[in-house]
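# Descriptive structure summary
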Amino acid sequence: METYIGLDFGGTKLLIGEMDATGKILRSKRYSTGFRDQKSASEALLSDMDDYRKTVGFEGTPVAAGIGIVGVVDHDRGEWVSIDHQITNRPFPLAALVENLLGIPVAVDNDVRSATCAELLLGHGRSTKNFIYLNVGTGLAAGVVTAGHILRGANNNSGEIGHMVIDLHSQEECVCGRKGCVENFVSGVGFTRQVKELTASYSTKLPIPENGARVDAVQLFQLADEGDPLCKAVTDQAAEALACVIMNLVRMSDPDTVILGGGIVSDGWLLKKVQPLLNAATIRGVTKGLVLSAFQPKNAGLLGAASLGMAKVKEADL
Ligand SMILES: [Zn+2]
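In every chain, residue numbers begin from 1 and rise along the written sequence. In keeping with the model being predicted, local features are shown solely for residues with a pLDDT of at least 70 and side-chain atom pairs are shown and tallied solely at 80 or more, while totals for entire chains, interfaces and linings include all residues.

## As for unusual backbone geometry
For clarity, the threshold we go by: Numbered from the N terminus, helices here are DSSP runs of H or I no shorter than four residues, and strands are runs of E no shorter than two. Partly exposed residues are those whose C-beta has more than 12 but fewer than 20 other C-beta atoms within 10 Å; 20 or more makes a residue buried and 12 or fewer makes it exposed, with C-beta atoms placed from the backbone.
Although it is not a glycine, Asn 156 adopts a positive phi angle of roughly 60°. Along the chain, Asn 156 turns up in the loop between strand E10 (149-150) and helix H4 (188-198). A residue is classified by how many C-beta atoms lie within 10 Å of it, and Asn 156, with 21 of them, is buried. Even without glycine at this site, Asp 254 takes up a positive phi of about 55°. Topologically, Asp 254 is positioned in the loop between helix H6 (229-253) and strand E11 (257-261).

See below:
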């Protein structure tokens, strides 16, 4: 049985696993990371991959591997360009290093485009070749697929749609240097920010997060349903912001499907709030609708990484 190895490398954990051709995870193991720079992260990744090979082993015959990783990634060159979005580090030849270790072809891309690749090969992409995958998690980013091709751009920065401005009069300063970016209204980071900013204006039963802690989205949604004034204000604003950015994106790439994935949207709560806010004329070409990702958020990263390997051996022009 031919299989594909996935390495899902997030900020705090590395998940290594083996996937079969149908997208089933056969085996996996989680490692802690907590890296500071690309060099130490890459060394940890190689040592953990070696441990996985020795302690977990392979159920089938791996024919390719993929790495989904945070930051800026040059898919075509197999290089990890930057750990964050500041292009200051030297590109790191991550694909070549893992190829040397495993002796099979290795592909690399950023985490959201990896998840987009999984949707394309194993998820909703089996019924559409023109879609937008919107990942609403800690941050907000998208993968745009048009005619079966994942958009990457001149600098591999395509899809950073969290920095689309949705309010020209906003005073909300963003890390990118502009004001009114959508990520500050609808994302894990955005929810926390809004809860803190609006707490002076609305009463609430929600514990206000302190010292870098994040708002619990499930609790936020639950309290909004119970009519909690602050939670209602934050989630109403988030639904409007998400509907706005979805409609803006639809005008840009003309998809027939919009897929929502990531921990914030996976229970479908926010999707229900967004649906009635969509303008019928704008959304008329989205004939297959707004849908939730077919994958559980905990598996999406690993499936994404392994599907990059699958695309590499199938020589799919992604
Ligand atoms: Zn921004």
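That shown, we press on.
## Thoughts on the nonpolar core
Rule in force here: In plain words, the nonpolar core is the set of buried Ala, Val, Leu, Ile, Met, Phe, Trp, Tyr and Cys residues that C-beta atoms within 7 Å link up. For the purposes of this description, domain bounds are those given by an automatic or database domain assignment. Here, residue contact means that the backbone-derived C-beta atoms of the two residues sit within 7 Å.
Leu 7, Val 108 and Leu 242 are the most contacted members of the largest nonpolar core, which totals 88 residues. Top element by residues in this core is H6. It accounts for 12 residues. Summarising the domain contributions, this core has at least three residues from each of domain 1 (2-123 + 297-314) and domain 2 (127-292). With near-sequence residues (within four places) excluded, Leu 242 lies in contact with Val 186, Leu 270 and Val 274.

## A look at the pairing of strand E6 (residues 79-82)
On any regular strand, side chains alternate: one points to one face of the sheet, the next to the other face. Threshold: In this scheme, strands are said to pair when DSSP sees at least two bridges between them.
Summarising the sheet, strand E5 (residues 72-74) and E6 pair through three bridges and their orientation is antiparallel. The partner of Asp 74 across the bridge, within E6, is Glu 79. Joining the antiparallel neighbours E5 and E6 is a turn of four residues, in which Gly 78 adopts a positive phi near 70°.

## Comments concerning the sheet that holds strand E9 (residues 140-146)
Taken in spatial order, the five strands line up as E10-E9-E8-E11-E12 in an open sheet, and their pairing is mixed. Edge positions in the open sheet fall to E10 and strand E12 (290-292), since each of these has one partner strand only. The pairing of strand E8 (residues 131-136) with E11 spans five bridges and is classified as parallel. The residue of E11 that forms the bridge with Phe 131 is Thr 257.

## Overview of the domain arrangement of the chain
In plain terms, the rule: For this scheme, ten residues count as nonpolar: Ala, Val, Leu, Ile, Met, Phe, Trp, Tyr, Cys and Pro. Four count as charged, namely Asp, Glu, Lys and Arg, and the remainder, Gly too, count as polar.
With domains assigned, the chain is organised as domain 1 (2-123 + 297-314) and domain 2 (127-292). Taken over C-alpha atoms, the centre of domain 1 sits 26 Å from the centre of domain 2. Every contact between the two is made by 14 residues of domain 1 and, on the other side, 16 residues of domain 2. Where the side of domain 1 that touches domain 2 is concerned, the elements lending two or more residues are E5, helix H3 (111-122) and helix H9 (297-314). Among the elements that line the side of domain 1 that touches domain 2, the one with the most residues is H3, at seven residues. Among the residues forming the side of domain 1 that touches domain 2, the class breakdown is nine nonpolar, two polar and three charged.

## What about H3?
Condition: Expected helix span is given by 1.5 Å per residue-to-residue step, counting one fewer step than there are residues.
With 12 residues, H3 should reach 16 Å at 1.5 Å per residue; the first-to-last C-alpha distance of 16 Å fits that figure. In terms of burial, H3 is a largely internal element, 12 of the 12 residues being buried. Listed as buried for H3 are Asp 111, Val 112, Arg 113, Ser 114, Ala 115, Thr 116, Cys 117, Ala 118, Glu 119, Leu 120, Leu 121 and Leu 122.

## Observations regarding the pairing of E11
Of all the five residues making up E11, five are buried; the element is thus mostly covered by neighbouring parts of the structure. Of the two faces of E11, both are covered, the one formed by Thr 257, Ile 259 and Gly 261 as well as the one formed by Val 258 and Leu 260.

## A look at the sheet that holds strand E3 (residues 25-32)
Operational definition: Think of each axis as a best-fit line through the C-alpha atoms, taken over the contacting stretch in the case of a helix, with angles from 0 to 180 degrees between the N-to-C directions.
Read from one edge to the other, the open sheet built from five strands follows the order E3-E2-E1-E4-E7, with strand pairing classed as mixed. One side of each edge strand has no neighbouring strand; the edge strands of this open sheet are E3 and strand E7 (106-110). Within this sheet the neighbouring strands show an average axis-to-axis angle of 15°, counted without direction. Helix-sheet contacts for H9 involve strand E1 (2-9), strand E2 (13-19), E3, strand E4 (61-69) and E7, and the interaxial angle to E4 is about 125°.

## Overview of the environment of Ile 25
Relative to the elements of secondary structure, Ile 25 occurs in strand E3. Overall, the presence of 15 C-beta atoms within 10 Å leaves Ile 25 in the partly exposed class. Along the backbone, Ile 25 and Thr 3 are 22 residues apart, and their C-alpha atoms lie at a distance of 9.7 Å. Not counting residues up to four positions away in its chain, the partners in contact with Ile 25 are Gly 17, Met 19, Asn 299 and Leu 302.

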